[in-house]
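Spelled out, the chains give:
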Amino acid sequence: MTHPGTPPDRPETDAVSLRAVRWLTDPTTVTGALTGALLVTAVVLATRLPGSSLLTSPDGAAALAVAATLAVLFFLTELGQARIEVRSQAYSFSLSGIPLLLGLLYCPPHLLVAARVLAAVVAFTVQRVPPVKFAFNAALYSVDVCAVLGLTHLLVGDRPGLTLATAGLCYLALAFVDLLLSGAVLLVIRINGGPVGADDAVEVVLSAAFFVAFNTGTGLIIADLVTGGSLGWVLLIGVAAVAVLSYRAYLVLRARHRSLQDLQDFIRLGEGSDDVGQLAGRLLPQVRDLLNAARAELVIAAADGGRDTVLTVDEDGAVGGSDAPAQPGSGSLSVDLDASGTRGTLRVLDRLGDHTRFTDDDLALLRTLAGHFGVAVHSVRLLERLRYEATHDVLTGLPNRALLSDRITALMADGASGAVAVLLLDLDRFKEVNDAFGHHMGDALLQEVACRLLAVVPAAATVGRLGGDEFAVVLPPSRYPQDDAVALAGRIVRALRAPVHLSDAAVTTGACVGVAVASPGRDGADLLRHADTAMYAAKDARLPVLVHTDSLDEGRRERLAMLVDMRAALDRDEFELHYQPKIELASGLATSAEALIRWNHPVLGPVSPEVFITVAESTGLIDELTQVVLLQALRQCRRWHDDGHDLSVAVNLSARNVNDPHLPDRVQAALALAGVPARRLILEITESSVMGDPERTVPTLERLAAIGVTLSLDDFGTGYSSLSYLQRLPVRELKIDRSFLLGLSRETDSAASEVLVRSIVGLGQSLGLTVVAEGVETADILAQLHALRCDVVQGFLISRAVPGDRLVGAVERAGYRTVTRATLPPPRGRGASAAATVPARRVPR
Ligand code: C2E
Ligand code: CA
Ligand code: CA
């Protein structure tokens, strides 16, 4: 006998008009209708029950006793059901056929019906069967018992006696009714959303036929044995044979199911392992158990010819690493892991149990396990690598910013007494090394720095690389965090000062270290930011080590405020240019003037360009600022020409401008707009702005030179002054930095400084460059520059930077002249008129 699972819920929609239709076609309604039909059938059948049982019918108390016994048997068989699952539905087969057959033979029909229905109701109540299913199954059982009663009496008629014919007819009656009702059950399953295919129907029908045969057979045997007949023995042998065969089939099925289950468990067990060791720890014991071996072993071949990794699990379950594969006692079985990228072997040693040697079945199983193991090892390794790469710097192998931040956060949350400290350091001149010697040398330098850092920091500290040439050290909580950190910073600075030998060159680098100590209410991100601020402040102040204080943050805030003000000043056109003349010593003529930006801040008053240019350079504002300066300077240049003074104008460029590949186009447009020929424009660049990324900057400079613009190398001598790259740059002018001139005036340094300046002048002139000395403040220095045959001078001695319309006056007041000539052609082709005049000559003072 079968009965269905609970009808699943169906989603509802809102359409009211469809409600009735839907109610009618609702699975619950249809099941209810079927239940009703079954109940009616049962009632009709119950009114036509036969008067007596097939064999002896006891009376009175004996009949009640028989019925009670049957009721108990029905109840027990109902509870002890065999379940077969088809898709999502479960079919239950019970042995209730046995008491049913016995009831047919020995129980008065109405008592049998009562026993059957009562037992079912009690059993369903105990099992808490849901109401719909309860009602359906109760109705089904009622029909079952009544129909079987009616049909057997019809078939057997009044030919009682326990003969083979009676047995066969009983079987037919039971099987027929059972099949009929199984059909009803399949129908209900289908109504309740279970997809019942032909295969399922055949399976259910065959199982029902088999169970009915078994139940009927068993019932008859019991009956025959009770009455002492000989049929019982024949049937007993048959039933025993069926039972043995089914049990064997069941065992095979179960074993297959079990090994599939084992395999599934095996695969699932490996999921989520963090590393190969953990994976082996989970899977090797399984391999050992599944293959009934004393030990299991995983050998992973080293990728680079190093030692293989051997992981073993023995009988006690302990997983350990060993250097070499174990020696088997009685025998071993090994299979290669064949997963892409992972070479290895899975081995089991010393079979336990009845077989002392591994069988072919074992080999097949090991192959399957090795296949899964290989895939698992491969994916764990992939994960390991991804996890490592996500948290480490590839070049140095140090933790990266993400991992370092996590460490800081973890240490701060640790609750240990004391405070965490962070040191953040930035290498000096790293870019220069990178550019001058190539990226592989830069990489080697970073690796050496990483090694030195690891060598000086205490074991509990974490060293990481934040990117570029920035490193950080995290110190665990300490009672004197600042003292410890500063002491360590000192050691780091000293360690990094020693020259680094890179193949054939020795490079000296250094570092500025910013220190920050955790304080209450601040998180890990604050700590890193504070260390960063301190580091930049240290760089600005040219200090090796600086500890973060809140006032540094205020500096930061000031910079931000300045940025906002600059933005406004740009919009209101508040930036002005002043011009400082450059005098050609040989002729005493002012040949050009350097445009220097001036800003009169509404609150702060005049702000030094060195301050606000730096702020602008840290943002994109410098692009706009340079554009403004360029246009204004060229307009002034044009005005001088229109007034008859043949002067070039020099404009300072920032690193960011030099890195802008569109700069040449912008310059050309500005020249055209102002109507100034390119040869009247000088662009002053610094060594460091070019050195940052020569691959990018040199082509830009070459395009500018090709336009006809003069490039001037500013602040020469302060950066990474190198002859080799000076030749590569299309510069035509060299400006010796002011700091070199200071020495010329002091008695003591005079001789040495003179040699230095002389050599720079000689060097520049030998390369065909015009050499300019800037920052000339005294007549004494000017005289020396004369003697050294310096080409051009610029400085307070001649003139400070003055507004454009006062420049010529300033030059003349200083005793020099400008080159005078006729006007240039008007801008943008407004017709040309040019007549050059001979420049006035003047003898220098
Ligand atoms: P710089 O290009 O080296 O400009 C020369 C600086 O030296 C100017 O300072 C000038 O006033 C000063 N100077 C000139 N002669 C003497 C002297 O005899 N003695 C002393 N002690 N100083 C002298 P300033 O105008 O304060 O400019 C400082 C720096 O700001 C400039 O250095 C330049 O790097 C930058 N700068 C100025 N204007 C601009 C600009 O329009 N654009 C860009 N990108 N940078 C600018
Ligand atoms: Ca300059
Ligand atoms: Ca300069």
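Up top is the structure.
Keep in mind it's a predicted model, so treat the numbers as computed, not measured.

Engineer: How would you summarise the overall build of the protein chain if you had to cite specific residues and measurements?
Structural biologist: Looking only at helices and strands, the protein chain has 28 helices and 25 strands in total. Expressed as a percentage of its 845 residues, the buried residues of the protein chain come to 46%. Sequence separation of at least 24 residues holds for 69% of the intrachain contacts in the protein chain that already meet a minimum separation of 6. Entry remark: accessible area of the protein chain is about 41,200 Å², with carbon and sulfur atoms responsible for 58%.

Engineer: Run through the packing of helix α25 (residues 738-745) against helix α26 (residues 750-766), naming residues and quoting values.
Structural biologist: At a minimum axis separation of 7 Å, α25 and α26 run at an interaxial angle of 140 degrees. Considering the angle they form, α25 stands oblique to α26. In this structure, α25 crosses over α26, and the sense of that crossing is left-handed. Residues Phe740, Gly743 and Leu744 of α25 touch α26, and the partners they reach there are Ser750, Ser753, Glu754, Leu756, Val757 and Ile760.

Engineer: Please set out helix α15 (residues 481-497) residue by residue, giving values where relevant.
Structural biologist: If you check α15, its first and last C-alpha atoms are 24 Å apart, about what 17 residues at 1.5 Å a residue would give, namely 24 Å. Every buried residue belonging to α15 is among Pro481, Ala485, Leu488, Ala489, Gly490, Ile492, Val493 and Leu496, and all of these are buried. Along its buried surface, α15 packs onto β8 (419-427), α14 (439-456), β10 (470-478), β13 (511-517) and β14 (545-547).

Engineer: How would you explain the site of ligand 1 if you had to name every residue and give the values?
Structural biologist: Around ligand 1, 20 residues are found, and the nearest of them are Gln580, Arg598, Asp714, Glu777 and Phe796. Within the contact set of ligand 1, an oxygen atom lies 3.0 Å away from a side-chain nitrogen or oxygen of asparagine 652. Separating an oxygen atom of ligand 1 from a side-chain N or O atom of aspartate 715 is a distance of 3.4 Å. In isolation ligand 1 exposes 790 Å². Once the protein is present, 84% of that is buried.

Engineer: Describe the packing of aromatic side chains, naming the residues involved and giving the relevant values.
Structural biologist: A complete count under the given rule lists 7 aromatic pairs for this structure. Note on tyrosine 579 and tryptophan 640: the rings are 5.1 Å apart at their centroids and 80 degrees apart in plane angle, and the pair reads as edge-to-face. Taken together, the residues tyrosine 579 in strand β15 (residues 576-584) and tryptophan 640 in helix α19 (residues 621-642) connect sequence positions 61 residues apart. Of the two residues, tyrosine 579 and tryptophan 640, neither departs from the other in class, the shared state being buried. Relative to phenylalanine 612, the ring of tryptophan 599 has its centre 5.4 Å away and its plane inclined at 85 degrees; by these criteria the two rings are edge-to-face. Within this pair, whereas tryptophan 599 is found in strand β16 (residues 589-601), its partner phenylalanine 612 is found in helix α18 (residues 609-617), the two being separated by 13 residues in sequence. Taken as a pair, tryptophan 599 and phenylalanine 612 share a single burial class, namely buried. Put simply, the rings of Phe124, Phe134 and Tyr141 pair up and form one aromatic cluster. The positively charged end of arginine 116 is found above the aromatic ring belonging to tyrosine 141, 4.1 Å away from the centroid. Seen from the ring of phenylalanine 796, arginine 800 lies directly overhead, with NZ or CZ sitting 3.8 Å from the centre.

Engineer: Which residues make up the coordination of the calcium ion (ligand 2), and what are the values?
Structural biologist: The expected angle between donors at a tetrahedral four-coordinate metal is 109.5 degrees. At an octahedral six-coordinate metal it is 90 or 180 degrees. Looking at the metal site, the calcium ion (ligand 2) is ligated by Glu594 (OE), Asn652 (OD1), Glu684 (OE) and Asp714 (OD), spaced 2.1 to 2.2 Å from it. For the calcium ion (ligand 2), all donor residues lie on one chain, and their spacing in sequence is E-x57-N-x31-E-x29-D. Separating the calcium ion (ligand 2) from the calcium ion (ligand 3) is a gap of 4.0 Å, bridged by aspartate 714, which donates to each. Taken together, the positions of asparagine 652 in strand β18 (residues 648-652) and aspartate 714 in strand β20 (residues 710-716) put the pair 62 residues apart, joining distant regions of the chain.

Engineer: Outline the coordination of the calcium ion (ligand 3), supporting the account with residue identities and numerical values.
Structural biologist: Each protein donor to the calcium ion (ligand 3) is listed here as Asp714 (OD), Asp715 (OD), Glu774 (OE) and Glu774 (OE); together their distances run 2.2 to 2.7 Å. Ordering the donors of the calcium ion (ligand 3) by residue number gives the pattern D-D-x58-E.

Engineer: Tell me what's going on with the environment of alanine 114, and back it up with residues and numbers.
Structural biologist: Locating alanine 114 in the fold gives a position in helix α5 (residues 109-127). The class of alanine 114 is partly exposed, set by a relative accessible area of 43%. Along the chain, alanine 114 and valine 145 lie 31 residues apart, while their C-alpha atoms are 9.5 Å from each other.

Engineer: Account for the sheet that holds β14, naming residues and giving values.
Structural biologist: Whenever strands of a sheet pair, they do so through backbone hydrogen bonds, lying parallel or antiparallel. Taking strand neighbours across the sheet as the criterion, the 5 strands line up as β9-β10-β8-β13-β14 in an open arrangement whose pairing is mixed. Edge positions in the sheet fall to β9 (462-467) and β14, since each of these pairs with one other strand and no more. Ignoring strand direction, the axes of neighbouring strands in this sheet form an average angle of 20 degrees. Pairing geometry for β9 and β10, over 5 bridges, is antiparallel. Across the sheet, residue valine 463 finds its bridge partner in β10, namely valine 473. Packed on one face of the sheet, α15 meets β8, β10, β13 and β14 and runs near 20 degrees to β8.

Engineer: Outline the packing of helix α21 (residues 663-674) against helix α23 (residues 694-707), supporting the account with residue identities and numerical values.
Structural biologist: Axis separation between α21 and α23 bottoms out at 9 Å; the angle between their running directions is 25 degrees. Judged by the inter-axis angle, α21 sits roughly parallel to α23. The handedness of the crossing between α21 and α23 is right-handed. Two secondary-structure elements touch here, α21 through Leu663, Pro664, Asp665, Val667, Gln668 and Leu671 and α23 through Thr700, Arg703, Leu704 and Ile707. Broken down by class, the residue content of the contact of α21 with α23 amounts to 6 nonpolar, 2 polar and 2 charged.

Engineer: Break down the side chain of serine 478 for me, citing the residues and quoting the values.
Structural biologist: Structurally, serine 478 can be placed in strand β10. Judged by its relative accessible area of 15%, serine 478 is buried. A polar contact is formed between the side chain of serine 478 and the backbone nitrogen of tyrosine 480, at a distance of 3.0 Å. Only 2.6 Å separates the side chain of serine 478 from the side chain of aspartate 484, close enough to count as a polar contact. Here serine 478 is in contact with Ser417, Gly418, Ala419 and Asp484, once residues within four sequence places are set aside.

Engineer: Which residues make up unusual backbone geometry, and what are the values?
Structural biologist: The phi dihedral of asparagine 292 falls on the positive side, at around 60 degrees, and the residue is not glycine. A relative accessible area of 36% places asparagine 292 in the partly exposed class.

Engineer: How would you explain the pairing of β20 if you had to name every residue and give the values?
Structural biologist: Counted residue by residue, β20 has 6 buried out of 7 residues, so it is predominantly covered. The sheet contact formed by β20 and strand β21 (residues 733-736) spans 3 bridges and is parallel. Across the sheet, the residue bridging to phenylalanine 716 is isoleucine 736, located in β21.

Scoring rules and cut-offs
- Residues numbered from 1 in each chain as written.
- Chains lettered and ligands numbered in written order.
- Predicted model: local features only at pLDDT ≥ 70, side-chain atom pairs only at ≥ 80, totals over all residues.
- Heavy atoms only, no water.
- Helix = DSSP H or I, 4+ residues; strand = E, 2+ residues; numbered from the N terminus.
- Buried < 20%, exposed > 50% of the residue type's maximum accessible area, 1.4 Å probe, protein only.
- Contact = heavy atoms within 4.5 Å.
- Areas by Shrake-Rupley, 256 points an atom, 1.4 Å probe, with all protein chains shown as cover.
- Axes fitted to C-alpha atoms, helices over the stretch in contact; angles between N-to-C directions.
- Parallel < 35°, antiparallel > 145°, perpendicular 65-115°, else oblique.
- Left-handed = near helix turned anticlockwise from the far one by under 90°.
- Expected span 1.5 Å × (residues − 1).
- Near = heavy atom within 4 Å.
- Polar contact = N/O pair within 3.5 Å; in protein donor to acceptor, adjacent residues only side chain to side chain.
- Phe/Tyr/Trp six-rings, centres within 6.5 Å; stacked < 30°, edge-to-face > 60°.
- Lys NZ or Arg CZ within 6 Å of the ring centre and 35° of its normal.
- Donors = N, O, S within 2.8 Å, 3.2 Å for Na, K, Ca; no water.
- Pairing = 2+ DSSP bridges.
- Nonpolar A, V, L, I, M, F, W, Y, C, P; charged D, E, K, R; others polar.

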